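This is what each chain is made of:
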Amino acid sequence: PLRNCQWLDLSFNRLASIEPALLQLSQLKALYLHKNLIKSLPSVERLRKLPLLISLTTNGNPIEAQKSYRNYVIGALPRLRSLDQSSIIEEESRAAG
């Protein structure tokens, strides 16, 4: 069932927040949330509860306009390897950590 879902694309859905229900998808490796209406940068931290998550898109949301957006997301989710279809380089991980 959905609990075994490894890849989920919820982009272009006018989502305003990262819902706790997503955290039940413990096998999720890739989550696409781009082009939604997510405004709270700290809400990204909820995704820490997804232990296998390595790829995330949140670009095109209001949070992207915040000054430290990329650095914040990388620091909040240290296991990520890719953010917004762009690989996370070692220097970014160190700076965000």
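This text goes with the structure placed above it.
Remember, predicted model here, so these are calculated numbers, not experimental data. (Residues numbered from 1 in each chain as written. Predicted model: local features only at pLDDT ≥ 70, side-chain atom pairs only at ≥ 80, totals over all residues. Heavy atoms only, no water.)

Points about the nonpolar core
Counting residues in each nonpolar core, the largest one holds 26 residues, and the members touching the most others are Leu 31, Leu 47, Leu 56, Val 73, Leu 77, Leu 80 and Leu 83. Contact partners of Leu 31, with chain neighbours within four places excluded, come to Leu 8, Leu 22, Leu 47, Leu 53, Ser 55, Leu 56 and Thr 57. (Core = buried A, V, L, I, M, F, W, Y, C linked by side-chain atoms within 4.5 Å. Buried < 20%, exposed > 50% of the residue type's maximum accessible area, 1.4 Å probe, protein only. Contact = heavy atoms within 4.5 Å.)

A closer look at helix α1 (residues 69-76)
Listing the buried residues of α1 in full gives Tyr 69, Val 73, Ile 74 and Ala 76. End-on view of α1: buried residues confined to an arc of 165°, all on one side of the axis. Buried residues along α1 sit in contact with β3 (55-57), β4 (82-83) and α2 (90-96). (Helix = DSSP H or I, 4+ residues; strand = E, 2+ residues; numbered from the N terminus. Arc of directions from axis to C-beta.)

Looking at the pattern of salt bridges
Applying the stated criterion across every chain, the model contains 4 salt bridges. Between Arg 48 and Glu 45 there is a salt bridge, and its shortest N-O distance comes to 3.9 Å. With a relative accessible area of 44%, Arg 48 lands in the partly exposed category. A single network of salt bridges, built from pairs that share partners, joins Glu 90, Glu 91 and Arg 94. (Salt bridge = Lys/Arg side-chain N within 4 Å of Asp/Glu carboxyl O.)

Quick word on the environment of Leu 52
With respect to the element layout, Leu 52 can be found in the loop between β2 (30-32) and β3. A C-alpha to C-alpha distance of 20 Å links Leu 52 and Arg 94, two positions 42 residues apart in sequence. If we skip the residues at most four places from it in the chain, Leu 52 touches Ser 26, Gln 27, Leu 28 and Lys 29.

Let's talk about the packing of aromatic side chains
Summed over all chains, the structure comprises 1 aromatic pair. The interplanar angle of 80° and the centroid separation of 5.7 Å between the aromatic rings of Trp 7 and Tyr 32 together place this pair among those described as edge-to-face. Separated by 25 residues along the polypeptide, Trp 7 in strand β1 (residues 7-9) and Tyr 32 in strand β2 bring together distant segments of the chain. (Phe/Tyr/Trp six-rings, centres within 6.5 Å; stacked < 30°, edge-to-face > 60°.)

Considering unusual backbone geometry
Within the chain, Asp 84 stands out as a residue other than glycine whose phi angle is a positive 55°. Considering the arrangement of structural elements, one finds Asp 84 in the loop between β4 and β5 (86-87). Residue Asp 84 is classed as buried on the basis of its relative accessible area of 15%. At Gln 85, a position not held by glycine, the phi torsion is positive, near 60°. Considering the arrangement of structural elements, one finds Gln 85 in the loop between β4 and β5. Take Gln 85: its relative accessible area is 58%, and that puts it in the exposed class.

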